[in-house]
Amino acid sequence: MGISREAASKLADERRFEQDEDQFFASRRITERFDFVFIILGAAVLVACVWGALVGAFA
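Residues numbered from 1 in each chain as written. Predicted model: local features only at pLDDT ≥ 70, side-chain atom pairs only at ≥ 80, totals over all residues. Heavy atoms only, no water.

A. Looking closely at the overall build of the chain. Broken down by element type, the chain carries one helix and zero strands. For the chain, the C-alpha radius of gyration of 26 Å lies well beyond 10 Å, the compact-globule estimate for 59 residues. Each of the three principal axes of the chain carries a C-alpha extent, and together these read 85 × 10 × 5 Å. Put simply, the chain shows about 5800 Å² of open surface, and 66% of that area lies on carbon and sulfur atoms. Across the chain, the 7 positively charged side chains and the 9 negatively charged ones have centroids separated by 3 Å. (Helix = DSSP H or I, 4+ residues; strand = E, 2+ residues; numbered from the N terminus. Rg over C-alpha atoms; globule rule 2.2 N^0.38 Å. Areas by Shrake-Rupley, 256 points an atom, 1.4 Å probe, with all protein chains shown as cover. Lys, Arg positive; Asp, Glu negative; His and termini not counted. Charge placed at Lys NZ, Arg CZ, Asp CG, Glu CD.)

This is the structure in structure tokens:
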């Protein structure tokens, strides 16, 4: 009792789609993590610049 070639092809396409979807969401999570890191780094640089300006102004 085998499945038809058409059904097997459809099943393979579905599996491929699910794997592509999983890879997309995994890479998206990594990208979001990098975005968060760069936001934190940007804020730290901004704070350092403001701190340097204040120290320079009152030195």
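B. Representation of the packing of aromatic side chains within the structure. Under the criterion given, the structure shown has one aromatic pair. Seen in terms of ring centroids, Phe24 and Phe25 are 5.3 Å apart; in terms of plane orientation they differ by 70 degrees. Their pairing is edge-to-face. A residue is classified by how much of its surface remains accessible, and Phe24, at 47% relative accessible area, is partly exposed. In this structure Phe25 comes out as partly exposed when scored by relative accessible area, which is 36%. (Phe/Tyr/Trp six-rings, centres within 6.5 Å; stacked < 30°, edge-to-face > 60°. Buried < 20%, exposed > 50% of the residue type's maximum accessible area, 1.4 Å probe, protein only.)

C. Spatial organisation of the pattern of salt bridges. Per the stated rule, a full pass over the model turns up two salt bridges. Of the charged contacts in the structure, one is a salt bridge between Asp13 and Arg16, with a shortest N-O distance of 2.9 Å. Remark: Arg16 and Asp13 occur in helix α1 (residues 5-58); sequence separation between them is three residues, near one turn of the helix. Close ionic contact of Arg28 with Glu32 constitutes a salt bridge, the shortest N to O distance being 3.8 Å. With Arg28 and Glu32 both in helix α1 and four residues apart, the pair spans about one turn of that helix. On the accessibility criterion, Arg28 (44% relative accessible area) is partly exposed. (Salt bridge = Lys/Arg side-chain N within 4 Å of Asp/Glu carboxyl O.)

D. Structural context of a negative patch on the surface. Residues Glu14, Glu18, Asp20, Glu21 and Asp22 make up a contiguous surface patch of negative charge. With respect to the secondary-structure elements, Glu14 resides in helix α1. (Patch = residues over 30% accessible without salt bridge, like charges linked within 9 Å, V, L, I, M, F, W, Y side chains within 5 Å.)

Purely geometric numbers; function is a separate question.
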